Amino acid sequence: MKATSDWKQMKEKGEKITMVTAYDYPSAKQSEAAGMDTILVGDSLGMTVLGYASTVQVTMDDMIHHARAVRRGAPDTYVVVDMPFGTYHGNVDDSVQNALDLYQATDANAIKLEGAGCIDIIRRAVAAGVPVVAHLGLTPQSVGVTGFRMQASDEAAAMQLIQDAKAVESAGASMLVLEAIPSDLAEKVTAVLGIPTIGIGAGVNVDGQVLVYHDVLQYGTERLPKFVRPYADFNTAGVQGLKSYVAAVKAGEFPDVSTTYKRKVFEE
Ligand code: KIV
C-alpha cells in the first residue's frame, strides 16, 4: 500500500497518481484489482448510491458505513474518506474531534475537507496525526451557493485560489483535489505547490486524476459532466442482463437442470 509520503515523491518523479471513488465492497475490490493508487470514499455517494440531489444530506454515519465496506474490499489500497457537510463548519474543537473520529472509525489513510475555510482544522488534524487531503475549486458541498459550474474563471478568483492552495499546503495537507477550474490555473497551482494536485475537470497538467466510479463505468448515470470519459457501460450491460433473466424466467428456461438441487436417490 502507498504511504502519505509517497505522494510527494510521485510528483517529484512526474509519476501520475490515479484515484477513483468507491463506496462499497465490490467497487473497492475492483479498484484495488485495477491497481488504483488511491481510493476516495467520496460524499458523492449521496448522489451516486443514495439518490440525493447533492452531497448535503450525507451524514457521518453514512460515511463510516461506506468507508468500512471500502476498507474491507481494498485492504491494500490507500483510502481517503470525505468529511461530510456540517461536520467541520462549526467550532474548531468539535470539527477536529469529528476528523479524528472519522479517521479512527473507518481505518482510512486520510480524510478530505472541502474549501479554504478550514485551515485551522487541517493544521490541528495533521498535528494530531491525521493525514489530510484538501479540495478547492468546485466544492460540491457548496453547490447551493456556487452551482455545479466551473470556478475561478476570472483573474481575482484565480489569484485567490492560488493563495488558498498555498495556505492548505502550509497547514499540512498532503494532496490537493482541484475540481472544475480552468486548466491553465490548475497548471499554475501545480507548479507552485510541493504537494501533488489531483484534478477532476482541471486538465492534464496536474499530478493525478480522480473520477467518480459510477461515471467512469456509466453505472446508474444519466448525464455525464464534460470532464468525464467513460471506460465501460454498466448501464447497458446491467439492463441487458436483467432483461435476459426476466425473459428466461417467463419462458420457463430458468432454472434448468444445472441450477437445480436434486434429492439423492438410494437404491434398495
Ligand atoms: O465526493 C467526491 O466524489 C469528490 C470528488 C468529486 C473529488 O469529492
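First, a word on scope: everything that follows refers to the structure included in this document. (Residues numbered from 1 in each chain as written. Predicted model: local features only at pLDDT ≥ 70, side-chain atom pairs only at ≥ 80, totals over all residues. Heavy atoms only, no water.)

### Digging into the site of the ligand
Consideration 1: Close contacts around the ligand come from Thr21, Leu40, Gly42, Asp43, Ser44, Asp82, Lys112, His135, Val177, Glu179, Ile200 and Val212, and that covers them all.
Consideration 2: In the environment of the ligand, an oxygen atom lies 2.5 Å from a nitrogen or oxygen atom belonging to the side chain of Ser44.
Consideration 3: Side-chain polar atom of Lys112 to an oxygen atom of the ligand: 2.9 Å apart, as the coordinates give it.
Consideration 4: The protein chains hide 96% of the 250 Å² of surface that the ligand would expose on its own.
Consideration 5: Classifying every residue of the shell around the ligand by side-chain character gives four nonpolar, four polar and four charged. (Near = heavy atom within 4 Å. Polar contact = N/O pair within 3.5 Å; in protein donor to acceptor, adjacent residues only side chain to side chain. Areas by Shrake-Rupley, 256 points an atom, 1.4 Å probe, with all protein chains shown as cover. Nonpolar A, V, L, I, M, F, W, Y, C, P; charged D, E, K, R; others polar.)

### Notes on unusual backbone geometry
Consideration 1: The linkage connecting Phe254 with the following residue, Pro255, adopts the cis geometry, with an omega of 0 degrees.
Consideration 2: Tracing the backbone shows Pro255 in the segment after α11 (234-250).
Consideration 3: The backbone phi angle of Asp107 is positive, close to 60 degrees, even though this residue is not glycine.
Consideration 4: Within the element layout of this structure, Asp107 appears in the loop between α5 (92-106) and β4 (110-114).
Consideration 5: Phi at Ala180 is positive, roughly 50 degrees, even though this residue is not glycine.
Consideration 6: You can see Ala180 is positioned in the loop between β6 (175-179) and α9 (183-192).
Consideration 7: Of the residues examined, Ala180 reaches a relative accessible area of 9% and is grouped as buried. (Helix = DSSP H or I, 4+ residues; strand = E, 2+ residues; numbered from the N terminus. Buried < 20%, exposed > 50% of the residue type's maximum accessible area, 1.4 Å probe, protein only.)

### Some points on the sheet that holds strand β3 (residues 78-82)
Consideration 1: Pairing within the closed barrel is parallel, and its eight strands lie in the order β1-β2-β3-β4-β5-β6-β7-β8. Mean inter-strand twist for the sheet, computed between neighbouring axes without regard to direction, equals 25 degrees.
Consideration 2: Here strand β1 (residues 17-21) pairs with strand β2 (residues 38-41) via three bridges, running parallel. Considered in β2, the bridge of Thr21 is made with Leu40.
Consideration 3: Across the sheet, helix α6 (residues 119-127) lies against β4 and β5 (132-137), angled at about 160 degrees from β5, the strand it touches most. (Pairing = 2+ DSSP bridges. Axes fitted to C-alpha atoms, helices over the stretch in contact; angles between N-to-C directions. Contact = heavy atoms within 4.5 Å.)

### Thoughts on the nonpolar core
Consideration 1: Counting residues in hydrophobic clusters, the biggest one holds 51 residues, and the most contacted among them are Ile111, Leu113, Ile122, Leu176, Leu178 and Val189.
Consideration 2: Here this core gets six residues from one element, more than from any other, and that element is helix α8 (residues 155-171).
Consideration 3: Not counting residues within four places of it along the chain, the set of residues in contact with Val189 comprises Leu161, Ile162, Ala165, Leu176, Leu178 and Thr197.
Consideration 4: By size, the runner-up hydrophobic cluster in this structure holds 20 residues, among which are Met10, Val133, Leu211 and Val216. (Core = buried A, V, L, I, M, F, W, Y, C linked by side-chain atoms within 4.5 Å.)

### Looking at a nonpolar patch on the surface
Consideration 1: Taken together, the side chains of Leu242, Tyr245, Val246, Val249 and Phe254 define a hydrophobic patch exposed on the protein surface, amounting to about 490 Å² of accessible area.
Consideration 2: When its relative accessible area of 39% is taken as the criterion, Phe254 is described as partly exposed. (Patch = residues over 30% accessible without salt bridge, like charges linked within 9 Å, V, L, I, M, F, W, Y side chains within 5 Å. Salt bridge = Lys/Arg side-chain N within 4 Å of Asp/Glu carboxyl O.)

### Focus: the pairing of β4
Consideration 1: Burial of β4 is extensive: five of the five residues sit out of reach of the surface.
Consideration 2: Going residue by residue along β4, you find Ala110, Lys112 and Glu114 tucked away on one face and Ile111 and Leu113 tucked away on the opposite face as well.
Consideration 3: Two strands pair when backbone bridges link them, and β3 and β4 are joined in this way by three bridges, in the parallel orientation. Of the residues in β4, the one forming a bridge with Asp82 is Lys112.
Consideration 4: Viewed along the sheet, the connection from β3 through α5 into β4 turns out right-handed. (Right-handed = clockwise from strand over helix to strand, strands pointing away.)

### What to know about the side chain of Ser54
Consideration 1: Structurally, the position occupied by Ser54 is in the loop between α3 (45-48) and α4 (60-73).
Consideration 2: On the basis of relative accessible area, Ser54 is assigned to the buried category, the value being 12%.
Consideration 3: For Ser54, the side chain forms a polar contact with the main-chain nitrogen of Val56, separated by 3.1 Å.
Consideration 4: With residues near it in sequence (within four places) discarded, Ser54 still touches Gly46, Met47 and Val143.

### As for the side chain of Glu114
Consideration 1: Position of Glu114 relative to the elements: it lies in strand β4.
Consideration 2: Despite being buried, Glu114 has no salt bridge partner; Lys112 is the closest side chain of opposite charge, sitting 4.5 Å away.
Consideration 3: A polar side-chain atom of Glu114 sits 2.9 Å from the main-chain amide nitrogen of Gln141.
Consideration 4: Every residue in contact with Glu114, bar those within four places of it in the chain, is listed here: Asp43, Tyr88, His135, Thr139, Pro140, Gln141 and Ser142. (Lys, Arg positive; Asp, Glu negative; His and termini not counted.)

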